[in-house]
2 protein chains.
Amino acid sequence: MIIRAQKTELQRAIRTVMSAIPGKTTMDILTCILIDATVDQIKFTATDTELGIETVVSGEIDERGLICIDAKLFSDIVSKLPSSEVTITTDSNLQIRITCENTELRIVGKDGTEFASLPSIDRENPVVMSQFALREMIEQTIFSIAVNDANKLMTGALLETNENEIRMVCLDGHRIAIRRMKLDEVVPTFKVIIPGKTLSDLQKIMSGEEEDKVHIYFTKNEVLFDLEGTIVVSRLIEGTYFRIDQMLSNDFDTKITVRKADLAASVSRAMLFTSESEKRPLVVSIADRDMNLKINSPARGSMSDDIQITKDGKDLMIGFNPKFVADALNVIRDDEITIYFLNSKSPCFIRDEQQSYVYLILPVNFVA
Amino acid sequence: MIIRAQKTELQRAIRTVMSAIPGKTTMDILTCILIDATVDQIKFTATDTELGIETVVSGEIDERGLICIDAKLFSDIVSKLPSSEVTITTDSNLQIRITCENTELRIVGKDGTEFASLPSIDRENPVVMSQFALREMIEQTIFSIAVNDANKLMTGALLETNENEIRMVCLDGHRIAIRRMKLDEVVPTFKVIIPGKTLSDLQKIMSGEEEDKVHIYFTKNEVLFDLEGTIVVSRLIEGTYFRIDQMLSNDFDTKITVRKADLAASVSRAMLFTSESEKRPLVVSIADRDMNLKINSPARGSMSDDIQITKDGKDLMIGFNPKFVADALNVIRDDEITIYFLNSKSPCFIRDEQQSYVYLILPVNFVA
């Protein structure tokens, strides 16, 4: 195999597929990038068996072939090359020669035919949306998935369509994050659970541009995201997702509107007085024009903040894990937010009027 | 005690003294910052017993007093406050109240009188230089000190004056780094060994401005750096430093001039093929107009680079630890550098004509 490509293009392609390389594995071949130049295009592929990423590399094929190359070493080498055209040559002994201007590096590759190819997926009936929108959707929900996989379903995000609407849902047993968006057209109805890791990898490699599109295709067990030049294929999580809609409610006895920046600053101070080893509740007291936030740690100290609000309905005292409030505020773009409460035992809802986002947070007990 | 200061000024002062807080210690009081408002100025002090840093804080004293406050917690709290005036109030029970706009935080302090004060040092016959120059001097030598303290002397830097000249020397048994500078006037002669940690802390808190001065004062066992508002006091390392000058030589049989960027790029690639666990020499072959650099790791692969040079004297083949070459190139500001060699068993010298910098690097054995 002999191929040529610019250093910057190689770097882009390596960075793109790199997130599919597993951190730890006993299978050596999975730590490699497959360079496939057997047909008319150069393609880089990496996979961790759950998730595969493939990207087309702009460059020239002088001699067809394929090779597997250690991803970390390849990435390090390319990053140290001059900004110029790079030639990669392999021989039948899996020796790889990388040349660029006056430097020549030799490393040993692995047999490209040993690399498991990505599953082929029928490309029919795509859901089309902007990469920007899908990125937002992931960013604004993924923080609510469960970190440990005691319940496998909670480690994924529900993605479902209905007519011309798509929504993503993440939950971890203490909170739910929901993000809804309109699509340009009516799409087929589906409801799948995508692994959290797939979505966070996707988030990293999608562009932030409104005009760049992603085409999403589904089979029973897999999902394929086509980013124009790069595809991400992932297994789905099997099972029936939680019935979200019966956990949601539009009833409230207290409704407050507050400047997001004020609340976020106070909550982030409160987090100084709670930790994994010493969990302390943030106690929120809502009165007519202001809200008091208190937290008290015997070991570290205490905080008491007053924040201006506008309020409809009853006064209320309720406790929260401040991290859950901080996480939601962190991804909301609005300057003013509205929070709905029923009572001190029921979840609160942070949501906008159109319910394009809904963050449900369960309260915690506290001693007044 | 009641004091008031702007958040940004508190942050500056905390950041300044913070590097004297030891990472690990069994003495609780050392993890604290002393706030001293017993006289007319607010001062923050931190010390790890080897090194002490004290800085004057712009602010108002409404009631005199002193308190010790956990440095990490204080730093975290201040960073989360609104950008506004902060009031710090203490009572006789060592309770500390920090208020700023509508937030109030309470933490518990420690008795300020338990804090060991910095040694007082006679301020006579200072060496005066710009903070910028001292920072350069440290940066351009400190990488050559020994990391482990098998030989205590090697963990410090020699600082010595002679007439109107000052020089800093660091060495670790494999290399020597020397940086000389002219002073504005003739100063008293001294020769001291300053702990590496003191110098790297100093480097962090000095300004990068030519016009900001540092006054340096010496006693037998201590050195004081006065940065106008902030002082750093450190113990010196006892002992007689190595006799450097007899290790230096101006003889050479081969002299080359090379573009620093070319050599640095090649050496940084070479470092991909050597590691702590598998040390490999960089083999340099010098011919008339070019220099070849080769490195070969059985486990990872090999590199061969050709670089244009101009050469005086004999051809030469010599081996180096590429990291030592990379470290020196990394701090040299010149675009072109000159390297002097005697033979493959003798050290090479990277130096400019005025010898304002000299980097001596010992060669390593290699198999041609």
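This text follows the structure it describes.
Residues numbered from 1 in each chain as written. Chains lettered and ligands numbered in written order. Predicted model: local features only at pLDDT ≥ 70, side-chain atom pairs only at ≥ 80, totals over all residues. Heavy atoms only, no water.

**Observations regarding the overall build of chain A**
Logical step 1: Broken down by element type, chain A carries 6 helices and 27 strands.
Logical step 2: Counting only C-alpha atoms and orienting by the principal axes, one finds that chain A spans roughly 75 × 50 × 35 Å.
Logical step 3: Taking all 368 residues of chain A together, 54% fall into the buried category.
Logical step 4: Across chain A, contacts joining residues at least 24 apart in sequence account for 67% of those joining residues at least 6 apart.
Logical step 5: Split by element, the accessible area of chain A, about 17400 Å² in all, is 45% carbon and sulfur.
Logical step 6: Side chains of chain A give 42 positive and 56 negative charges; the mean places of these two sets differ by 6 Å. (Helix = DSSP H or I, 4+ residues; strand = E, 2+ residues; numbered from the N terminus. Buried < 20%, exposed > 50% of the residue type's maximum accessible area, 1.4 Å probe, protein only. Contact = heavy atoms within 4.5 Å. Areas by Shrake-Rupley, 256 points an atom, 1.4 Å probe, with all protein chains shown as cover. Lys, Arg positive; Asp, Glu negative; His and termini not counted. Charge placed at Lys NZ, Arg CZ, Asp CG, Glu CD.)

**Details of the relation of the copies chain B and chain A**
Logical step 1: Screw-axis analysis of chain B against chain A gives a translation of 0.0 Å along the axis, an RMSD of 0.0 Å, and a rotation angle of 180 degrees. The symmetry that links the two subunits is that of a two-fold axis. Nearest to the rotation axis, the C-alpha of G23(B) is located 15 Å from it, this being the minimum over chain B.
Logical step 2: When the interface residues of chain B are mapped onto chain A, 100% of them again fall at the interface, so both copies present the same face. (Least-squares fit on C-alpha atoms with pLDDT ≥ 70 in both.)

**Side note on the sheet that holds strand β16 (residues 213-218) of chain B**
All names here are of chain B.
Logical step 1: If you trace the 9 strands from one edge of the open sheet to the other, you get β10-β6-β2-β3-β4-β18-β17-β16-β11, paired in antiparallel fashion. Each edge of the sheet is formed by a strand with only one pairing partner; in this case those strands are β10 (110-111) and β11 (127-130).
Logical step 2: Of the strand pairs in this sheet, β16 and strand β17 (residues 222-226) are connected by 4 bridges, and their pairing is antiparallel. Each bridged residue has a counterpart across the sheet, and for Y217 the counterpart in β17 is L224.
Logical step 3: Its contacts with the sheet put helix α2 (residues 71-79) on β2 (32-37), β3 (42-47) and β6 (65-70), and the angle it makes with β6 is roughly 90 degrees.
Logical step 4: Set on the sheet, helix α3 (residues 131-139) makes contact with β11, β16 and β17; between it and β11 the angle comes to about 85 degrees. (Pairing = 2+ DSSP bridges. Axes fitted to C-alpha atoms, helices over the stretch in contact; angles between N-to-C directions.)

**Some thoughts on the packing of aromatic side chains**
Logical step 1: Counting across every chain of the model gives 14 aromatic pairs over all chains.
Logical step 2: Note on F252(A) and Y340(A): the rings are 5.2 Å apart at their centroids and 65 degrees apart in plane angle, and the pair reads as edge-to-face. Of the two residues, F252(A) is situated in the loop between β18 (230-235) and β19 (254-259) and Y340(A) in strand β25 (residues 336-341); the sequence distance between them amounts to 88 residues.
Logical step 3: Among the residues examined, Y340(A) registers a relative accessible area of 9% and is labelled buried.
Logical step 4: Centre to centre, the rings of F190(B) and F218(B) are 3.8 Å apart; their planes meet at 35 degrees, and the pair counts as tilted. A residue pair is termed long-range when its members are at least 10 positions apart, and F190(B) in the loop between β14 (175-182) and β15 (191-195) and F218(B) in strand β16 qualify at 28 residues.
Logical step 5: Note on F190(B): relative accessible area 12%, which makes it buried. (Phe/Tyr/Trp six-rings, centres within 6.5 Å; stacked < 30°, edge-to-face > 60°.)

**Some thoughts on the pattern of salt bridges**
Logical step 1: Here the structure, examined in full by the defined rule, presents 56 salt bridges over all chains.
Logical step 2: The salt bridge partner of D76(A) is K72(A), with a shortest N-O separation of 2.8 Å. Of this pair, D76(A) and K72(A) are both found in helix α2 (residues 71-79), 4 residues apart, which corresponds to roughly one turn of the helix.
Logical step 3: Residue classification places D76(A) among the buried residues on the basis of a relative accessible area of 19%.
Logical step 4: Between D201(B) and K197(B) there is a salt bridge whose closest N-O contact spans 2.6 Å. Highlighted residues: D201(B) and K197(B), both in helix α4 (residues 196-205), separated by 4 residues, approximately one helical turn.
Logical step 5: Salt bridges sharing partners connect three or more residues here, namely D48(A), K197(A), D201(A) and K204(A). (Salt bridge = Lys/Arg side-chain N within 4 Å of Asp/Glu carboxyl O.)

**Concerning the interface of chain B and chain A**
Logical step 1: With 23 residues of chain B in contact, the opposing surface of chain A contributes 23 residues.
Logical step 2: Here chain B meets chain A over a buried area of about 2000 Å², counting both sides, of which 55% is carbon and sulfur.
Logical step 3: When the area that chain B buries against chain A is broken down by residue, the three leading residues are K80(B), R269(B) and L272(B), summing to 28%.
Logical step 4: On the surface where chain B and chain A come into contact, there are 0 salt bridges.
Logical step 5: Inspection of the chain B/chain A interface yields 12 residue pairs in polar contact (both at pLDDT 80 or more).
Logical step 6: Of all the secondary structure elements, the ones that give two or more residues to the side of chain B that touches chain A are α2, β9 (103-108), α5 (260-270) and β22 (301-308) of chain B.
Logical step 7: Partitioning the side of chain B that touches chain A into residue classes produces 9 nonpolar, 6 polar and 8 charged.
Logical step 8: Summarising the sheet, strand β9 (residues 103-108) of chain A and β22(B) pair through 4 bridges and their orientation is antiparallel. Paired with T103(A) across the two strands is D305(B), which belongs to β22(B). (Buried area = accessible area lost by both parts, 1.4 Å probe. Polar contact = N/O pair within 3.5 Å; in protein donor to acceptor, adjacent residues only side chain to side chain. Nonpolar A, V, L, I, M, F, W, Y, C, P; charged D, E, K, R; others polar.)

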